[in-house]
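Listed below are the residues making up each chain.
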Amino acid sequence: MTDVMALPAPAVVPLDPGTGCIEARAFSFWYGEKQALFEIDLELPKRAVTAFIGPSGCGKSTFLRSINRMNETIPGTRKTGDILLDAEDIYDARTDVVGLRQRVGMVFQKWNPFPKSIYDNVAFGPRINGERHKATLDEIVERSLRRAALWDEVKDRMRESATGLSGGQQQRLCIARTLANDPEVILLDEPCSALDPIATQKIEELLVELKRELTIVIVTHNLQQAARVSDRTAFFFLGRLIEYAPTEQLFTSPQQERTEAYVTGRFG
Amino acid sequence: MTEPAIAPAESTSGRGPGGAGPASTSLGGSSTADRIYNGVITLFALCVPLLLLGLFFEVGAAGWPALKKFGVGFLFSSNWDPVREQFGVAPAIVGTLATSIVALIIATPLALGVAIYIAEFAPTWLRTPIAFLVDLLAAIPSVVYGLWGIFVLVPIMRSTVMPFLRDTLHLGATPFFAGPAYGPSVLTAGVILAIMALPYISSVSREVLLAVPRTQREAALALGATRWEAIQGAVLPYARTGIIGGIILGLGRALGETMAVTMVIGNRHDLSASLFAPGYSIASLIANEFTEASGDLHLSALMAAGFVLFVITLIVNAIARWLVWQMAGGQRSVA
Ligand SMILES: Nc1ncnc2c1ncn2[C@@H]1O[C@H](COP(=O)(O)OP(=O)(O)OP(=O)(O)O)[C@@H](O)[C@H]1O
Ligand SMILES: [Mg+2]
């Protein structure tokens, strides 16, 4: 513990003012007695891909899941500090969690389509939003699948079960399902860790495409992937943000020794 | 790799796969011991279907004289007269099915409610005690249910429930709730059966709901579903086949229950559309008359009735399995 306390202040390269979409202020998080995040200060730019890297258990998922308040579904957790979405405190008592999760979509490590048809999977979000009109739903489903680069592969089998698709297709379906809510932010937690290189490449291309309209945050253990898709990278270690900078800078000239050790593969 | 849902290990670095699995054992069965083991196990496994087949033919054979004598009339006639040696089991068939259907209609929503509460809403410390108490319902001997039925349920049905259904809700206008409220009736038997089937439906549903992967709930919540929408839209559909399995189990329980039904159904061999009328079920018919069956034909008729119950159970189970299979078709879960 003392070792952690002695860490130098994080090296954070500031963003241009006014581009912050998500902003964490001294955000700490606990699972019961165990503190998983320590005073995270972080500003994520709009319409860009931010990658979270760091060794296992360092709190990347915890932080990601704090941005759409998924973590509060786990009993016994608590937090201090704030996270702002477009300058609004998402933990404010008046914030509508359901609405927040529609604005901030999430894609999980293990693809988790519902055991329903492809169509019903994508239409899930709009339907719980009260959309009943068939033509509108059809249109949303098609648009979302197109945006997730899956339309051509599934357009003739919309009524078939989603679980019959390949892993990569299922993961893109999960992305399409999220897109159907028309979110502003998409959080992805190691979306490719169980996919083969080709499926991975498809998803990476998709992210680069999507960032023109969306703020994307991706947790990854694949440093090449972070380097390929992200504009900025945040390095976490033992629940702390160690370094946050434009991706190229973080990989080529890290300011912190621990970052350098991690990105050069000396530990982690 | 560690998913936050599962309480992760202490590791902060190193993400290799978890500990090695159990030492691998040969499943090929190459050694003599293995082969003996295999043979014995196979024998045991074969015993059960053989027993079932044996039972089927034995009961069928014993009932054959009556079945031959009365033909389909045995199924469709409601004339059961041991003195004149006339036997038809239509009222008992109808009673058996009607009480079971009433039981399922009452028990299924209750059992599902209990299961959903335990799996989704109850605080962790309350789960086990509630589940335990509900499961305990299955441990109560049926004769105790019967006694409770006679002394508590029948009077309540007669004085409150039946008049309420018939007069206050005006259901008496339909043939199903018409007629005088004696107390002992098909409806009362259905209510008892509902209580008896409830723990089966509820415990199976509960286990199935608890087994729905956390990722399914999270997927729905992350799409902006409320807790209830997540249950309705993701958890219940995922668990659907398992829940139907639980209902089938409860149905099996209801179809064959003898003692408690005998004590409250009224034991009258008459066909009536009204659930308020006393009736009969096949199981209680056999239980009531078997010891005093006089003639050979009477005995054979009772055996034939047992055979009919056997076949009904088989058919109902086959239909239910087919339903499950239909629903599961192309819906195999991902996990
Ligand atoms: N549900 C939970 N209950 C208790 N502790 C948890 C839970 N989820 C995570 N933790 C703990 O919080 C810390 C951070 O976990 P987190 O899952 O955020 O790490 P991570 O960086 O995403 O790791 P990985 O790369 O393995 O996914 C870990 O020490 C972990 O043990
Ligand atoms: Mg993680």
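In the block above lies the structure referred to throughout.
Residues numbered from 1 in each chain as written. Chains lettered and ligands numbered in written order. Predicted model: local features only at pLDDT ≥ 70, side-chain atom pairs only at ≥ 80, totals over all residues. Heavy atoms only, no water.

1. So, the overall build of chain B
So, step 1. Across its full length, chain B carries 11 helices and 0 strands.
So, step 2. Each helix and strand of chain B, ordered N terminal to C terminal, gives the series α-α-α-α-α-α-α-α-α-α-α.
So, step 3. Within chain B, the fraction of its 335 residues that count as buried is 41%.
So, step 4. Long-range contacts, defined here as pairs at least 24 residues apart, represent 72% of the contacts in chain B between residues at least 6 apart. (Helix = DSSP H or I, 4+ residues; strand = E, 2+ residues; numbered from the N terminus. Buried < 20%, exposed > 50% of the residue type's maximum accessible area, 1.4 Å probe, protein only. Contact = heavy atoms within 4.5 Å.)

2. Remarks on the state of the cysteines
Residue and element names in this part refer to chain A.
So, step 1. The full count for this structure, using the stated rule, is 0 disulfides over all chains.
So, step 2. With no disulfide of its own, C58 lies 18 Å from the sulfur of C192, the closest cysteine sulfur.
So, step 3. Taking relative accessible area as the criterion, C58 reaches 2% and is therefore assigned buried.
So, step 4. In this structure C192 is not part of a disulfide, and its nearest cysteine sulfur, from C174, lies 12 Å away.
So, step 5. Classification of C192 by relative accessible area gives buried; the value is 8%. (Disulfide = S-S within 2.5 Å.)

3. Remarks on the packing of helix α5 (residues 142–168) of chain B against helix α6 (residues 186–210) of chain B
All names here are of chain B.
So, step 1. The geometry of α5 relative to α6 is characterised by a closest axis approach of 9 Å and an angle of 125° between their N-to-C directions. It follows from the interaxial angle that α5 and α6 lie oblique. For the element pair α5 and α6, the recorded crossing hand is right-handed. Along its contact with α5, which presents S142, Y145, W148, G149, L153, V154, M157, M162 and L165, the element α6 presents L187, T188, V191, I192, I195 and M196.
So, step 2. Of the residues that constitute the contact of α5 with α6, the class distribution is 12 nonpolar, 3 polar and no charged. (Axes fitted to C-alpha atoms, helices over the stretch in contact; angles between N-to-C directions. Parallel < 35°, antiparallel > 145°, perpendicular 65-115°, else oblique. Left-handed = near helix turned anticlockwise from the far one by under 90°. Nonpolar A, V, L, I, M, F, W, Y, C, P; charged D, E, K, R; others polar.)

4. Some details on the interface of chain A and chain B
So, step 1. Facing the 33 residues of chain A at the interface are 29 residues of chain B.
So, step 2. Both faces combined, the contact of chain A with chain B buries some 2700 Å², and carbon together with sulfur accounts for 58% of it.
So, step 3. Looking at the side of chain A facing chain B, the largest losses of area belong to S56, P115 and I128 of chain A, adding up to 21% of the total buried there.
So, step 4. Summed over the shared surface of chain A and chain B, the result is 1 salt bridge. (Buried area = accessible area lost by both parts, 1.4 Å probe. Salt bridge = Lys/Arg side-chain N within 4 Å of Asp/Glu carboxyl O.)

5. Notes on the side chain of E120 of chain B
Residue and element names in this part refer to chain B.
So, step 1. Mapped onto the fold, E120 is located in helix α3 (residues 90–121).
So, step 2. Residue classification places E120 among the buried residues on the basis of a relative accessible area of 10%.
So, step 3. A distance of 2.7 Å separates a polar atom in the side chain of E120 from a polar atom in the side chain of R217.
So, step 4. Dropping the residues within four chain positions of it, E120 is found in contact with R217, R227, I231 and V235. (Polar contact = N/O pair within 3.5 Å; in protein donor to acceptor, adjacent residues only side chain to side chain.)

6. Side note on the pairing of strand β11 (residues 240–246) of chain A
Residues and elements named next belong to chain A.
So, step 1. Within β11, 6 of the 7 residues are buried, leaving the element largely enclosed by the surrounding structure.
So, step 2. Pairing analysis gives 6 bridges linking strand β10 (residues 232–237) to β11, with the strands arranged antiparallel. In the strand pairing of β11, F236 is matched with L241.
So, step 3. Once β10 ends, the chain turns through 2 residues before running back antiparallel as β11, passing L238 with a positive phi of about 45°. (Pairing = 2+ DSSP bridges.)

7. Digging into the pattern of salt bridges
So, step 1. Per the stated rule, a full pass over the model turns up 27 salt bridges over all chains.
So, step 2. For R253 of chain B, the salt bridge goes to E257 of chain B, with nearest N and O atoms at 3.1 Å.
So, step 3. Judged by relative accessible area, R253 of chain B falls into the partly exposed class, the value being 23%.
So, step 4. When salt bridges with common partners are traced through the structure, they connect K46, D86, R103 and E184 of chain A into a single cluster.

8. A look at the environment of N288 of chain B
All names here are of chain B.
So, step 1. In this structure, N288 sits in helix α10 (residues 282–289).
So, step 2. Separated by 52 residues in sequence, N288 and L236 place their C-alpha atoms 42 Å apart.
So, step 3. Contact partners of N288, with chain neighbours within four places excluded, come to T262, N267 and Y280.

9. Quick notes on unusual backbone geometry
So, step 1. Even without being glycine, L238 of chain A reaches a positive phi, approximately 45°.
So, step 2. Position of L238 of chain A relative to the elements: it lies in the loop between β10 and β11.
So, step 3. The phi angle at E85 of chain B is positive, at roughly 55°, despite the residue not being glycine.
So, step 4. When you line up the elements, E85 of chain B lands in the loop between α2 (73–76) and α3.

10. Re the packing of aromatic side chains
So, step 1. The full count for this structure, using the stated rule, is 16 aromatic pairs over all chains.
So, step 2. With centroids separated by 5.9 Å and ring planes inclined at 80°, the aromatic side chains of F177 of chain B and F276 of chain B adopt a geometry described as edge-to-face. Linking F177 of chain B in the loop between α5 and α6 with F276 of chain B in the loop between α9 (259–264) and α10, this pair joins segments that are 99 residues apart in sequence.
So, step 3. For F177 of chain B, a relative accessible area of 17% corresponds to the buried category.
So, step 4. The exposure class of F276 of chain B is buried, given its relative accessible area of 1%.
So, step 5. Three or more aromatic residues link up through ring pairs in this structure, and these residues are F27, F29, Y31, F52, F63, Y91 and F236 of chain A. (Phe/Tyr/Trp six-rings, centres within 6.5 Å; stacked < 30°, edge-to-face > 60°.)

11. Considering α10 of chain B
So, step 1. Burial runs high along α10 of chain B: 6 of the 8 residues are buried.
So, step 2. Among the residues of α10 of chain B, those classed as buried are I282, A283, S284, L285, I286 and E289 of chain B.

12. Things to note about the nonpolar core
Inside soluble globular proteins, nonpolar side chains tend to come together where they are buried.
So, step 1. Ranked by internal contacts, the top residues of the largest apolar core, which has 60 residues, are F74, W80, L187, I282 and L285 of chain B.
So, step 2. When residues of this core are traced back to their parent elements, those giving at least two are α1 (32–70), α3, α5, α6, α8 (227–256), α9, α10 and α11 (296–328) of chain B.
So, step 3. Apart from the residues within four sequence positions on either side, L187 of chain B is in contact with V102, M157, M162, L165, L275 and F276 of chain B.
So, step 4. Grouped together as the second largest cluster of nonpolar side chains are 48 residues, I118, V154, L173 and A180 of chain A included. (Core = buried A, V, L, I, M, F, W, Y, C linked by side-chain atoms within 4.5 Å.)

13. Overview of the environment of F307 of chain B
All names here are of chain B.
So, step 1. If you trace the backbone, F307 turns up in helix α11.
So, step 2. On the basis of relative accessibility, which here comes to 18%, the residue F307 falls in the buried class.
So, step 3. For the pair F307 and V134, spaced 173 residues apart in the sequence, the C-alpha separation amounts to 33 Å.
So, step 4. Sequence-distant contacts of F307, defined by excluding residues within four places in its chain, comprise F56, V59, G60 and L67.

Keep in mind that these numbers describe shape and distance, not what the molecule does.
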